[in-house]
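Structural overview for review
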Amino acid sequence: MTSSTETAKTPSLRIGVIGAGVMGTNHGRVLAGLPGVSLVGIVDPLPEHRDRAVELIGCKTFATLDELLLAGVDAVTIAAPTHLHHEVALTCIGRGIHVLVEKPIASTVAEGREIVAAAEKAGVTLMVGHVERFNPAVAAIKQAIRDEDILSIGITRVGPFPPRMSNVGVVIDLAVHDIDLIRWFTDSEITEVQPQLSSAIAEREDIALLQFRTASGVLAHINTNWLTPFKARTVTVATRGKYVMGDLLTRQVTECFGFKADGSYSMRHLPVGHDEPLRAELIAFVNAVSSNGPPAVTGEEGVASLEIAIQCLDQPARPAATAAAPRRAAG
Ligand SMILES: NC(=O)c1ccc[n+]([C@@H]2O[C@H](COP(=O)([O-])OP(=O)(O)OC[C@H]3O[C@@H](n4cnc5c(N)ncnc54)[C@H](O)[C@@H]3O)[C@@H](O)[C@H]2O)c1
């Protein structure tokens with residue numbers, strides 16, 4: 001019997017992580033420290049990755065998904081390689097388990113849509129790990145452009161080759177983050193895609209310059225590659241009344257505003273929070289599950305961003321116009 005001074009405790013949400021690679025280990029580390037969460041364990045077929053998870057997190061590990069499911073979970077986060085997202089997500093959703101799946105939601109749009117449909121049918125929460133939305137610098141930019149008439153967005157996401165090459169290029173691995181940001185900043189869908197891709201070293205594209213137009217008329221571009229010796233992640237947004245510049249790594253966000261006819265303007269640094277993006281993302285997932293409310297990044301949004309990324313890869317290269325007469329500069 002509960003005494004009147006005792007409060008009824010909500011049982012913790014039992015969560016398992018699938019994949020003990022770079023992302024999965026981070027999921028496990030963060031989940032192990034979240035209030036209201038009980039980390040059941042991490043699944044990975046590789047013994048050395050399981051050992052690393054035990055060493056870093058001190059949690060239980062499992063060699064197969066079946067073993068984790070047997071231990072009993074309410075929710076999972078899927079950080080296995082992308083080509084396995086579809087199979088793993090459908091298995092979990094089929095058991096009525098809530099799912100957070102890493103970005104990109106799946107390898108193909110059809111697979112992504114199947115995951116979304118299955119989650120809807122089963123009535124479970126499905127969220128996609130577009131973690132950049134939880135970067136406090138991104139949140140500050142989103143806040144700064146709220147109610148502004150956005151004209152254009154420029155995003156740079158460059159860096160060195162990843163230590164482990166998967167079977168995807170920069171568009172699916174990196175640009176999908178920024179496609180999601182463009183859709184989110186503008187609250188609009190991308191309707192025109194003009195990609196330029198190149199493979200300087202890798203088999204897949206390792207350089208991409210992508211241009212877009214949204215249904216709301218915003219122009220956007222993404223400059224991404226694996227050929228820069230250091231990481232850089234910057235966002236600029238031009239609106240009718242402001243120019244916002246954000247560095248997603250140093251988390252410095254500055255806005256220029258109050259443009260005057262004489263060319264003068266004001267400038268200020270915006271306050272930016274310190275939260276770890278992955279922690280904020282996983283808290284948002286736990287809250288969506290607990291409240292049975294809509295997740296911060298829905299499965300449909302994950303599919304929409306993947307669809308644009310795949311369109312960038314599928315566009316046939318257009319030869320330079322040779323038939324037209326050469327253009328001459330005026331004057
Ligand atoms: N949100 C982000 O910023 C971000 C960053 C990196 C990766 N990712 C995504 O996270 C996912 C994993 O990427 P990563 O960089 O951690 O890759 P990784 O190669 O480091 O890790 C993948 C892990 O999954 C394991 N695995 C393989 N088959 C499995 C199975 N059947 N069941 C369980 N585990 C299995 C592998 O042994 C490996 O340990 C990918 O979908 C990737 O796109 C997201």
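Residues numbered from 1 in each chain as written. Predicted model: local features only at pLDDT ≥ 70, side-chain atom pairs only at ≥ 80, totals over all residues.

An unreviewed UniProt entry lists the protein chain under the name Gfo/Idh/MocA family oxidoreductase, with Rhodopseudomonas palustris as the source organism.

1. Considering the environment of A309
What counts, and what does not: Helix and strand definitions follow DSSP, with helices as H or I runs of at least four residues and strands as E runs of at least two, each counted in order from the N terminus.
Of note, A309 is situated in helix α9 (residues 299-314). Residues A309 and H221 lie 88 residues apart in sequence; the distance between their C-alpha atoms is 13 Å.

2. Section: the site of the ligand
The condition that has to hold: Note on definitions: a residue is near a molecule or strand provided its C-beta atom, placed from the backbone, lies within 6 Å of it. In the scheme used here, Gly and all other residues not listed as nonpolar or charged are polar, with Ala, Val, Leu, Ile, Met, Phe, Trp, Tyr, Cys and Pro taken as nonpolar and Asp, Glu, Lys and Arg as charged.
The environment of the ligand is made up of 23 residues, and the closest members are G19, G21, V22, M23 and E102. Per element, the largest residue contribution to the shell around the ligand is 3 residues, and it comes from helix α1 (residues 22-32). Classifying every residue of the shell around the ligand by side-chain character gives 13 nonpolar, 6 polar and 4 charged.

3. Things to note about helix α7 (residues 170-186)
For clarity, the threshold we go by: Take the number of residues in a helix, subtract one, and multiply by 1.5 Å to get its expected span. A residue's bend is the angle separating two fitted axes: one through the seven residues that end there, the other through the seven that start there. Burial in this document is a count-based property: other C-beta atoms within 10 Å of a residue's C-beta are tallied, and the residue is buried at 20 or more, exposed at 12 or fewer, or partly exposed in between, with C-beta positions derived from the backbone.
The end-to-end C-alpha separation of α7 is 23 Å, in line with the 24 Å expected for 17 residues at 1.5 Å each. The largest bend in α7 is about 45°, located at V176. Most of α7 sits out of view: 16 of its 17 residues are buried. Following α7 by one or two positions, D187 has its phi on the positive side, about 50°.

4. As for the domain arrangement of the protein chain
Rules: The source of the domain bounds is an automatic or database domain assignment. Each residue gets a C-beta atom placed from its backbone, and two residues are in contact if those atoms lie within 7 Å.
The domains assigned to the protein chain are domain 1 (13-130 + 281-298) and domain 2 (133-275 + 308-314). Each of domain 1 and domain 2 has a C-alpha centre, and these two points are 27 Å apart. Listed as interface residues are 9 residues of domain 1 and, on the opposing side, 10 residues of domain 2.

5. Notes on the sheet that holds strand β1 (residues 13-18)
In a beta sheet, neighbouring strands are held together by backbone hydrogen bonds and run either parallel or antiparallel to one another. The condition is simple: Think of it this way: DSSP has to see at least two bridges between two strands before they count as a pair.
The sheet built from 6 strands is open, its strands ordered β3-β2-β1-β4-β5-β6 with parallel pairing. Looking at strand neighbours, the two that pair on one side only are β3 (61-62) and β6 (126-129), the edges of this open sheet. Sheet topology note: the strand β2 (residues 37-43)/β3 ladder contains 2 bridges and is parallel. Residue pairing in the sheet places I42 in a bridge with T61 of β3.

6. Concerning the sheet that holds strand β8 (residues 190-198)
Threshold: A fitted line through C-alpha atoms serves as each axis, taken over the contacting stretch for helices, and the angle formed by two N-to-C directions is quoted from 0 to 180°.
Taking strand neighbours across the sheet as the criterion, the 8 strands line up as β8-β9-β10-β7-β11-β12-β13-β14 in an open arrangement whose pairing is mixed. Only two strands of the sheet have a single neighbouring strand rather than two, namely β8 and β14 (266-269). Direction aside, the axes of adjacent strands within the sheet are offset by 10° on average. Note that strand β13 (residues 252-257) and β14 share 4 bridges and pair antiparallel.

7. Looking at the UniProt feature "domain: GFO/IDH/MocA-like oxidoreductase" (unreviewed entry) in the protein chain
Our working definition: UniProt positions are given in the numbering used here, feature names are shortened, and annotations may be inferred rather than shown by experiment.
Summarizing the sequence annotation, UniProt attributes the feature "domain: GFO/IDH/MocA-like oxidoreductase" (unreviewed entry) to residues 168-242 in the numbering used throughout. As annotated, residues 168-242 comprises 23% helix and 44% strand, and the C-alpha atoms at either end are separated by 36 Å.

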